Amino acid sequence: MTKVPLTLKVNGGDYQVEVEPHRMLLDVLREELGFTGTKESCREGECGVCTVLLDNKTINSCLLPAVAARGKEITTVEAIADRHHLHPIQKAFVDCHGVQCGFCTPGFIMSTKALLEENNDPTEEEIRNYLAGNLCRCTGYNGIVDAVLQAASELRKLNKV
Amino acid sequence: MITKEKEKVVETTVVGRRLNRLDGPDKVTGKFVYGADLSAPGLLHCKVFRSTIPHGRIKRLDISKALAYPGVRTVITAEDIPSNIRYGHTLKDEIVFARDYVRYYGEAIAALAADTREIAEKALKLIDIEYEPLPVITDPEEALKPDAPLLHPDWRDYKGNPALIRYDNVCAHTSINTGDVEKAFAEADYVFEDRYTSHMVHQGYLEARAGMAHIEADGMVVITSSTQNPFGLLGNLSDILQLPTSKIRVISSGVGGGFGGKLDLGVEHFVALLARKTGRPVKYLWDREEEMKAAAPREGSVIYVKTGIMKDGTIIARQGKVILDAGAYSGDDTVIASVGAMLVRGPYNIPNLKVDSMAVYTNKANCGAYRGPSAPQTYYAIESHLDSIASKLNFDKVELRRLNALKDGDMGPTGQILDSVCMQETLTKAAEKIGMDQPRPKYTGRGLACAIWTSAGGSSCAYVQLNDDGTVVLITGGKEIGTGAMTMGVAQIVAEEMGIDITDVRLITGDTYATPYDFGAQGGRTTFNVGNAARIAAQDAKRQLFESVSEKLNVPVERLNLKNKQVYDSDNPAKNISLAEFAADRVWNGGPIIGRGSFIIQPTEYDTSTIKGGTYPVFNFPSFHTHAAEVEVDPDTGEVTVKRFVVAQDVGFAINPTGVEGQLTGGAVQGIGYALSEEIVYKDGVVLNPNMTDYKMPTIMDVPRIETIIVESPSKGGPYGAKGVGEAPIILPAAAIANAVADAIGVYIHELPITAEKVLRALKEKEEKK
């Protein structure tokens, strides 16, 4: 099939790729651009491990053709920390044991980022509602809820400074 | 932290603390590399052509069109494998590709390697096959009937562990007999009998099975995959590839969840064969549909249980029949049948016991190990049964269990003498926490269930090397699969012994060429077994260190102590040397220090006359458990909501309480999914729901915050008194929830999962009976 030239804006940088129009953003990120922090599992929008931000909103990158991301800001887990420090969300996932095998973690971190940008002081119920599109098989979710609560609290403190 | 170990009080500074896991930063930044992330220059992609019918004769198989498709480099079938090759752990009945017959929906028939995944998928559709359908057996009780057709007419020719008892469609039959059940049933005041069924479920790891292979110039096969058990694959790979194990190297990459599902061959044999045929590196990543129809799920089962009980509540006899639906090949069910037999008595002291536990061939995916193999269904059956007896005889459900609970010095089902028993403590704490004696509103119920559980044996080895900056590397075949066993537990043990911080420990793990042997990340054994090996290795390194420092500082070895990264004279702490200073010099004077440790659990004594056909005859350093649930049942829809869930688990000693709690909460939620919503649904041998929408794993919205109670009853064999932790939390939720549902609606559901449909039907039947 004919490939189309495409510029993708990923984590603040511009990337030129040539892709088939049906190629999913997940595959282009992982296979063409090497952003393997975004994970692949069900490939049909069920598990959330491929969650990335598109103009600051969460999407399942396995369901979005890369061409549909043209002109939009794509953010992956690789852009969450600065070079030397974990982001408070990432630190919270480590501190609260919200990470076990870690395969769902990048997706959860992206969803948490979107949540906390919309709501900087979510209740446990709001957290559970917002993150229902991301499956985790290891933690039983206690550690993940605790991580989001800690991250929210840390971010509120930082934003006050 | 102060811990009682072997009746000795030990002061610790690293073990027992809530420290962060070492692989956390890599995992939260996306840097951690899993099997699914592997790549290599010139990589080819594997896809497997699988049977679309559950049972039949292959009349014609034509791969020519697929082979001719541009970008396809090779297609292999049974023709490429010597016809006498069958593999397996305890029973060699499995084949790489179906030959002449297919025995389950999803069985591998051919594999191909192509330039891209897309080409591989397209080429798969060009493989032509014609079957002659054969009668399908999907019910293990049907398969047990004398006139049932044999799924493996050649079963006698299969090589297996001589301890296995096999016949007809039964690939393993374990029986346990103690006392005289018939006599006891005759003497009992009451006898009750029930039948329970359970369903097939998937481990649900989010990283599908994945791996890659390449061949070195001398023919050495190098496989990297997300396996839980690199050494455990060598034997079967050696059979399939017809190579000595020394010509095969298996490296375990990052593992995105396993829960037992990545213990056996999944991708490794396919990529190795294709890499050898093409001379190129080949990768295989399963898709979710393959996972649901052809992985190594937990078997469905039918369980009969019969109990003789006295008026005062003393249980005097138990009989059980466990029928495991093993699927088309034995998988791990030969051993699982034996484990199931051990569980029928439960955590109670019942003197008269008769158990038959069978793994039976049917036309379904062959089943494997899934966290707590055979336990969730067996405990569901026996604990639901006991609960219903308590209801019928009007016994208090906690007191009836307490009355019969195992105590120190009691015997296990096969005569082993039990110690460190704390059944009652977990029961009391869980019952109190959930409020068993508190009033509840209509359609709200509380229930609990109790268990004894084991940890796997097998051996483990480790090296501990002192680096030139005073940090250490732990080198072991053990593997971190997410639990924290390596990156918390074992790392903490090494840090404790070496007087350093956990962050001073680096891990090199799971490589059959570069690391010493380990029996695999399975059976809740890593912290226990690798922990012991690593501790011995660290103590060996410390001994060498002290001998050398003794000479250097002119202080007798007995007076030396190691703390805070420093070796010092305990009589004169000013006389000291830092690990870093010592290690930097030692590289050039005497050579670097490396300690080694090898560990295997001492076999537990038992009465061999009590068990026949058993490949798992004792509980290794057993632990004790009570789970309690509070549920709400919607009488209009039948839907069950778990409002509260309490896990009280004996962990021996919590090396890292946070890590322990992570196992308790994670296992409990998997167990809740097993109880209520997850099921691989078969109809006439075909899987109806091979995706994650229709296979319903609990989301964060479906479950409450799991409440945990850590009970510490130290074991004599585990490091610092630890017991195996990871498996057990999954074994009781189904039982506890079934009992809570019965408490809410007055009916015991005898068939898992407890779906809204079944609850509604039970409510209606109850209404009609009135």
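Rules used in this analysis
Residues numbered from 1 in each chain as written. Chains lettered and ligands numbered in written order. Predicted model: local features only at pLDDT ≥ 70, side-chain atom pairs only at ≥ 80, totals over all residues. Heavy atoms only, no water. Phe/Tyr/Trp six-rings, centres within 6.5 Å; stacked < 30°, edge-to-face > 60°. Helix = DSSP H or I, 4+ residues; strand = E, 2+ residues; numbered from the N terminus. Buried < 20%, exposed > 50% of the residue type's maximum accessible area, 1.4 Å probe, protein only. Lys NZ or Arg CZ within 6 Å of the ring centre and 35° of its normal. Axes fitted to C-alpha atoms, helices over the stretch in contact; angles between N-to-C directions. Parallel < 35°, antiparallel > 145°, perpendicular 65-115°, else oblique. Left-handed = near helix turned anticlockwise from the far one by under 90°. Contact = heavy atoms within 4.5 Å. Nonpolar A, V, L, I, M, F, W, Y, C, P; charged D, E, K, R; others polar. Pairing = 2+ DSSP bridges. pLDDT = per-residue confidence, 0-100. Expected span 1.5 Å × (residues − 1).

So what's going on with the packing of aromatic side chains? Which residues, and what values?
Between two aromatic rings, the relevant description is the distance of the centres plus the angle of the planes. Evaluated as defined, the whole model comprises 13 aromatic pairs over all chains. The interplanar angle of 55° and the centroid separation of 6.4 Å between the aromatic rings of Phe108(A) and Tyr141(A) together place this pair among those described as tilted. In this pair, Phe108(A) is assigned in helix H3 (residues 105-118) and Tyr141(A) in the loop between helix H4 (124-130) and helix H5 (142-160), connecting sequence segments 33 residues apart. The residues Phe108(A) and Tyr141(A) share a single accessibility class, namely buried. Among the aromatic residues, those joined into a ring-pair cluster are Phe97(B), Phe270(B), Tyr284(B) and Trp286(B). In this arrangement the basic side chain of Lys27(B) is found over the ring face of Phe32(B), its NZ or CZ atom lying 4.8 Å from the centre. Sitting over the ring of Phe185(B), Lys306(B) keeps its end group 4.4 Å from the ring centre.

Requested: an account of the packing of helix H2 (residues 88-95) of chain A against H3(A), with residues and values cited.
Residues and elements named next belong to chain A. Closest axis-to-axis distance for the H2/H3 pair is 10 Å, and the angle between their directions is 125°. Relative to H3, H2 is oriented oblique. Every pair of crossing elements has a handedness; the one defined by H2 and H3 is right-handed. Mapping the contact onto sequence places Ile 89, Gln 90 and Phe 93 in H2 and Thr 105, Phe 108, Ile 109, Thr 112, Lys 113 and Leu 116 in H3. Considering only residue class, the contact of H2 with H3 consists of five nonpolar, three polar and one charged.

Tell me about unusual backbone geometry, residues and numbers included.
Residues and elements named next belong to chain B. Put simply, Leu 752 and Pro 753 share a cis peptide bond, and its omega is -10°. Following the sequence through the fold, Pro 753 ends up in the loop between helix H17 (733-745) and helix H18 (756-769). Although it is not a glycine, Gln 242 sits at a positive phi angle of roughly 55°. Examined against the element boundaries, Gln 242 turns out to sit in the loop between helix H6 (230-241) and strand S15 (248-252). On the basis of relative accessibility, which here comes to 53%, the residue Gln 242 falls in the exposed class.

Which residues make up the sheet that holds strand S27 (residues 594-600) of chain B, and what values go with them?
Residue and element names in this part refer to chain B. Strand order in the open sheet formed by four strands is S23-S22-S21-S27, and the pairing between neighbours is mixed. One side of each edge strand has no neighbouring strand; the edge strands of this open sheet are strand S23 (505-509) and S27. Adjacent strand axes in the sheet meet at a mean angle of 20° when their direction is disregarded. As paired elements, strand S22 (residues 472-476) and S23 share five bridges and run parallel to each other. In the strand pairing of S23, Thr 476 is matched with Thr 509.

So what's going on with the confidence of the model for chain B? Residues and values would help.
Here chain B averages 97 in pLDDT, and 99% of its residues register 70 or above. Both scores are available for the predicted complex, with the pTM at 0.97 and the ipTM at 0.98.

Can you break down H6(B) residue by residue, with the values?
Residue and element names in this part refer to chain B. Between the first and last C-alpha of H6 there are 16 Å, a value that for twelve residues agrees with the 16 Å anticipated at 1.5 Å per step. H6 sits mainly inside the fold: ten of its twelve residues count as buried. For H6, the set of buried residues is Pro 230, Phe 231, Gly 232, Leu 233, Leu 234, Asn 236, Leu 237, Ser 238, Ile 240 and Leu 241. Against the buried residues of H6 lie strand S6 (91-92), strand S14 (221-225), S15 and helix H7 (268-278). Looking one or two residues past H6, Gln 242 carries a phi angle of roughly 55°, positive in sign.

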